[in-house]
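Listed below, chain by chain, are the residues.
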Number of protein chains: 2
Amino acid sequence: MSAPVAPFPQVDHQRALFPEGLALDCGTMIAPLAVAYRTYGTLNAARSNAVLVCHALTGDQYMAEPHPLTGKSGWWDSIVGPGKPLDTDRYFLICVNVLGGCMGSTGPQEEMTDAEGRGLGRPWGTDFPNITIRDMVRAQKRLTDHLGIGRLLAVVGGSMGGMQALEWAATFPDAVYAAAPIATAAYHSAQNIAFHEVGRAAIHSDPAWKGGRYWEDGRVPAQGLSVARMVAHITYLSEQALTRKFGRRLRGASALTFLEDVFEVESYLRHQGSTFVRRFDANSYLTITRAMDYFDLAQEHGGDLASAFRGTKTRFFVASFSSDWLFPTAESRQIVRALNAAAANVSFVEVTSDKGHDAFLLDEPDFHRALGGFLAGCADRLGV
Amino acid sequence: MSAPVAPFPQVDHQRALFPEGLALDCGTMIAPLAVAYRTYGTLNAARSNAVLVCHALTGDQYMAEPHPLTGKSGWWDSIVGPGKPLDTDRYFLICVNVLGGCMGSTGPQEEMTDAEGRGLGRPWGTDFPNITIRDMVRAQKRLTDHLGIGRLLAVVGGSMGGMQALEWAATFPDAVYAAAPIATAAYHSAQNIAFHEVGRAAIHSDPAWKGGRYWEDGRVPAQGLSVARMVAHITYLSEQALTRKFGRRLRGASALTFLEDVFEVESYLRHQGSTFVRRFDANSYLTITRAMDYFDLAQEHGGDLASAFRGTKTRFFVASFSSDWLFPTAESRQIVRALNAAAANVSFVEVTSDKGHDAFLLDEPDFHRALGGFLAGCADRLGV
């Protein structure tokens, strides 16, 4: 099926195949469509307890189990499990590798197909069509339909996952009882686009990049992708978090060596970069960052964000974190104002945290209580 | 004298040569010492109207005249000139290319010398010793002594230039009547170190880098240095400034192309990066960013910042900008608190601006009035 070019062994991901393919916002039809996913918990007889969890830029469907490539625990283990806010005893959780990803769903790393869906014996690479957050959501909708789920109890996601939660509520309002966009925004800001562009420039300047055809000689632009991860990682943290973690601590004894990593924060960043390239494809990184940059929900609805939610029956839970400077609280407030203007049912919480954007992935009891309470309340109303 | 490896034509910079050399903090003696500089205005008979202006990371001595390489106007033209805050009719302004720079002062691009100061027919490159902000200041002191200036009316600088102004006041208190550290800090924060490290990693990952010996084949790590400049440039601006300048404006008509620069902010950043490499040496960038990272004035004085200024007679003007997130106002307040604890004469202003760190270089009338007033007041007291 696929022509792997990744630096890591391919995994036999659980996935659903849709031969008819998917029509993308850019006008291209991509077929077949593969949607890789994981589920946790049990779907009840009424099929009314399904919660879709949308992952962030570099996340994947393995949110609550050891990662098949790195062996690390799931990115949302802290919140998913029996008795946890995303309670696997009560909810049927679905997590989908986004369209354009590199963990089994149709993406730049998978085998390129022609208009008739015939495999061309080479990966898509940079020939993979431009996709949008809405395309990702449409692919997820194919899966929930396939699973016989007419309406999701909730769509939950942080960062880019939150963009998907907003897009779900705007595009398929009747299929979403509740939506929880977390640490996110209704559009990608100029500064965030700029940081993404630095990462893309780093990948493009790697000699192994070869205009995106690095799969030809089985090499990957590891150094460029590593630099991209390093700069992105800084934006996921906060000045306070970095200072608490590392301050100005030096690694060596001497303060005046010329090691490539003199300060602890440097070796930490380089470690982040070097481990990332073992699990993520550079062309996927370019495709997904671009999709985030394009995201502008108001623009999709005539420039008026409120009109994206006009008449919605979906219940919303919007959460931000006080030290998140990548998706600052002000951008969550814009979502809340639009939802209020659309007379939607919305609750909003700004969680006080000094952990930066990553706070939504970390142990934040107040946030966990608030999200868990919101979901439980929705489930109670539906008699789940 | 020098073995140029830069991608730009060498300029016959005005400079003073000190054959005896300079003893560096790292324990190395570097000889001869070359200090490239420019002066503006006229030194009065009493030699009492000299103001030293210290440039930032990527600045140089050409602060108020067309740049010899780019032809662009001086980086502080807005503030330097007849009748301007740094009034060339009243003050004798001196601007020095920092030690480790690439515009004529001793640095990685200049010819390497042995312990006896004999030229080795190759540039220093990465063999250039580690330097500190204090080393830069000591080199500047050699020049002011050489010019017969016993006491400077003032030392003024923004960003890394502000670090030098603080170091001048701490190291040569009797030689500095007034000091104006602007948009700066008494130490480099973990986040700032992290952003510098991303830039260094980008340079190190450029195939032309060749472990720093790129001068051997006359090439330069242009792509890596360009990426370093791009990420640094984002930190010099503010979210508001980026949004006002570019917002989410697309360059092309289509919103779904895969051009390397789809958004205007991207082409702007790439332009910043590509023009920078025409005037700046990668090894200088590594040397100077490292010097900034090392800077910790309190650590130089037993961990107590106030003791760096104990008993000082120097008058201080500290200025920060409200939207500067690289050197936030909180870090200027730490300087002010230490100066107060040292019973120093200090005035502090936080300028309300949405232009970010770069505000100190831009047209900020309130800032210009405050700085000009401070300098004029000092000059009046000295009867200059």
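To start, this report covers the structure provided alongside it.

How each quantity is defined
Residues numbered from 1 in each chain as written. Chains lettered and ligands numbered in written order. Predicted model: local features only at pLDDT ≥ 70, side-chain atom pairs only at ≥ 80, totals over all residues. Heavy atoms only, no water. Helix = DSSP H or I, 4+ residues; strand = E, 2+ residues; numbered from the N terminus. Buried < 20%, exposed > 50% of the residue type's maximum accessible area, 1.4 Å probe, protein only. Contact = heavy atoms within 4.5 Å. Phe/Tyr/Trp six-rings, centres within 6.5 Å; stacked < 30°, edge-to-face > 60°. Pairing = 2+ DSSP bridges. Axes fitted to C-alpha atoms, helices over the stretch in contact; angles between N-to-C directions.

Side note on the environment of Asp 206 of chain B
Residues and elements named next belong to chain B.
Here is step 1 of the chain: Residue position: Asp 206 is located in the loop between α3 (190–204) and α4 (222–236).
Here is step 2 of the chain: Residue class for Asp 206 comes out buried when judged on its relative accessible area of 6%.
Here is step 3 of the chain: Spatially, the C-alpha atoms of Asp 206 and Arg 248 are 30 Å apart, while their sequence positions differ by 42 residues.
Here is step 4 of the chain: Once you skip the residues sitting within four places of it in the chain, Asp 206 turns out to touch Pro 221, Ala 222, Gln 223 and Gly 224.

What about the packing of aromatic side chains?
Remark: the centre distance and the inter-plane angle together describe each pair of aromatic rings, the angle taken between the planes.
Here is step 1 of the chain: Taken as a whole, this structure holds 30 aromatic pairs over all chains when the rule is applied.
Here is step 2 of the chain: On the numbers, 5.4 Å between centres and 55 degrees between planes, the contact of Trp 168 of chain A with Phe 172 of chain A is tilted.
Here is step 3 of the chain: Ring plane angle 85 degrees and centroid distance 5.7 Å describe the contact between Trp 124 of chain B and Phe 128 of chain B, whose orientation is recorded as edge-to-face. For the pair shown, Trp 124 of chain B and Phe 128 of chain B are each scored as buried.
Here is step 4 of the chain: Ring pairs connect the aromatic residues Phe 195 and Trp 325 of chain A together with Phe 195 and Trp 325 of chain B, which therefore count as one cluster.

What to know about the pairing of strand β12 (residues 176–182) of chain A
Residues and elements named next belong to chain A.
Here is step 1 of the chain: Counted residue by residue, β12 has seven buried out of seven residues, so it is predominantly covered.
Here is step 2 of the chain: Two strands pair when backbone bridges link them, and β12 and strand β13 (residues 315–321) are joined in this way by three bridges, in the parallel orientation. Within β13, the position partnered with Ala 179 by the bridge is Phe 316.

Notes on the sheet that holds strand β5 (residues 50–54) of chain B
Residues and elements named next belong to chain B.
Here is step 1 of the chain: Within the open sheet, the eight strands sit side by side as β1-β4-β8-β5-β11-β12-β13-β14. Their pairing is mixed. Pairing within the sheet leaves two strands with one partner each, and these edge strands are β1 (15–18) and β14 (345–351). For this sheet the average axis-to-axis angle between neighbouring strands, irrespective of direction, equals 20 degrees.
Here is step 2 of the chain: The pairing of strand β11 (residues 152–158) with strand β12 (residues 176–182) spans six bridges and is parallel. Looking at β12, one finds that Ala 154 is bridged to Ala 178.

Fair warning: the whole summary comes from geometry, so function is off the table for now.
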